[in-house]
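Structural features, examined
Next come the chains, spelled out residue by residue.
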Amino acid sequence: MASLGSFSAFLTALIIAGALQCLFGLLRAGLFISLVPGSVIKGMLAAIGLLMIMQQIPVALGAAGDAELVSLVTGEMTFSLPAMLVAD
């Protein structure tokens, strides 16, 4: 929503995306996925999962604000015990 500017623009984009999915389904465009090897799809999903985990580590340790994983290594991050207990 931040890049679109408003909630109504977000809803419009959501409706257009849904209409495109329905159109591609009717055109049987999903058959083209057979051209992509399964190892490529698994690698992409693994990379996405690793990025999500790396972004959540500071949050799980109770980092305040926009702390990043680098601040954990440099020692600039303060930890929160309640956040770590909830993350377990």
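Values in this document were obtained by computation on a predicted structure and should not be read as measured data. (Residues numbered from 1 in each chain as written. Predicted model: local features only at pLDDT ≥ 70, side-chain atom pairs only at ≥ 80, totals over all residues. Heavy atoms only, no water.)

**A look at the overall build of the chain**
The criterion, for reference: Numbering goes from the N terminus for both helices and strands, where a helix is a DSSP run of H or I of at least four residues and a strand is a run of E of at least two. Only C-alpha atoms enter the radius of gyration; for comparison, a globular chain is expected to reach 2.2 Å times N to the power 0.38, where N is the number of residues. Here the term buried applies to any residue with accessible area under 20% of the maximum for its type, exposed to any over 50%, and partly exposed to those in between, with areas from a 1.4 Å probe on protein chains only. Residues are treated as being in contact if the distance between any of their heavy atoms lies within 4.5 Å.
In terms of regular secondary structure, the chain is built from four helices and zero strands. Reading the helices (α) and strands (β) of the chain from amino to carboxyl end gives α-α-α-α. For a compact globule of 88 residues, the expected C-alpha radius of gyration is about 12 Å, and the chain comes in at 20 Å, more than 25% above that figure. Each principal axis of the C-alpha atoms in the chain carries an extent, and together these give about 55 × 40 × 25 Å. The buried share of the chain, taken over its 88 residues, is 7%. Of the contacts made within the chain by residues no fewer than 6 positions apart, 9% connect residues no fewer than 24 positions apart.

**Here we look at unusual backbone geometry**
Positive phi is not limited to glycine here, since Arg 28 has a value of about 60°. As for its position among the elements, Arg 28 is in the loop between α1 (7–26) and α2 (38–60). Since its relative accessible area comes to 59%, Arg 28 is described here as exposed.

**Quick notes on the environment of Leu 72**
Tracing the backbone shows Leu 72 in helix α3 (residues 69–74). On the basis of relative accessibility, which here comes to 31%, the residue Leu 72 falls in the partly exposed class. The spatial distance from the C-alpha of Leu 72 to the C-alpha of Ala 60 is 12 Å, given a sequence separation of twelve residues. In contact with Leu 72, not counting residues within four places along its chain, are Ile 57, Leu 61, Met 77 and Phe 79.

**Some remarks on a nonpolar patch on the surface**
Selection criterion: Within this analysis, patches are made of residues with over 30% relative accessible area and no salt bridge. Like charges are joined at 9 Å or less; nonpolar side chains (Val, Leu, Ile, Met, Phe, Trp, Tyr) at 5 Å or less. Per-residue accessibility takes into account occlusion by the displayed protein chains alone, with areas from the Shrake-Rupley method and a 1.4 Å probe. Salt bridge, as applied in this entry: a Lys or Arg side-chain nitrogen positioned within 4 Å of an Asp or Glu carboxyl oxygen.
Together, Leu 50, Ile 53, Ile 57, Leu 72, Val 73 and Phe 79 make up a nonpolar patch on the protein surface, roughly 570 Å² of accessible area in all. Elements with a minimum of two residues in the nonpolar patch: α2 and α3. The dominant element in the nonpolar patch, judged by the number of residues it contributes, is α2, at three residues.

**Let's talk about α1**
Quick note on the threshold: Take the residue count of a helix, subtract one, and multiply by 1.5 Å to get its expected span.
With 20 residues, α1 extends 29 Å from end C-alpha to end C-alpha; this agrees with the ideal 28 Å at 1.5 Å per step. Looking one or two residues beyond α1, the residue adopting positive phi is Arg 28, at roughly 60°.

**Considering the packing of aromatic side chains**
Using the following cut-off: A pair of aromatic rings is counted whenever rings of Phe, Tyr or Trp (Trp by its six-membered ring) have centres within 6.5 Å, and the orientation is called stacked for planes under 30 degrees apart, edge-to-face for over 60 and tilted otherwise.
Evaluation of the coordinates by the stated rule reveals one aromatic pair. Here Phe 7 and Phe 10 contribute two aromatic rings whose centre-to-centre distance is 6.0 Å and whose plane-to-plane angle is 35°, an arrangement assigned as tilted. Note that Phe 7 and Phe 10 are positioned in helix α1 at a spacing of three residues, about one turn of the helix. The class for Phe 7 is partly exposed, based on a relative accessible area of 48%.

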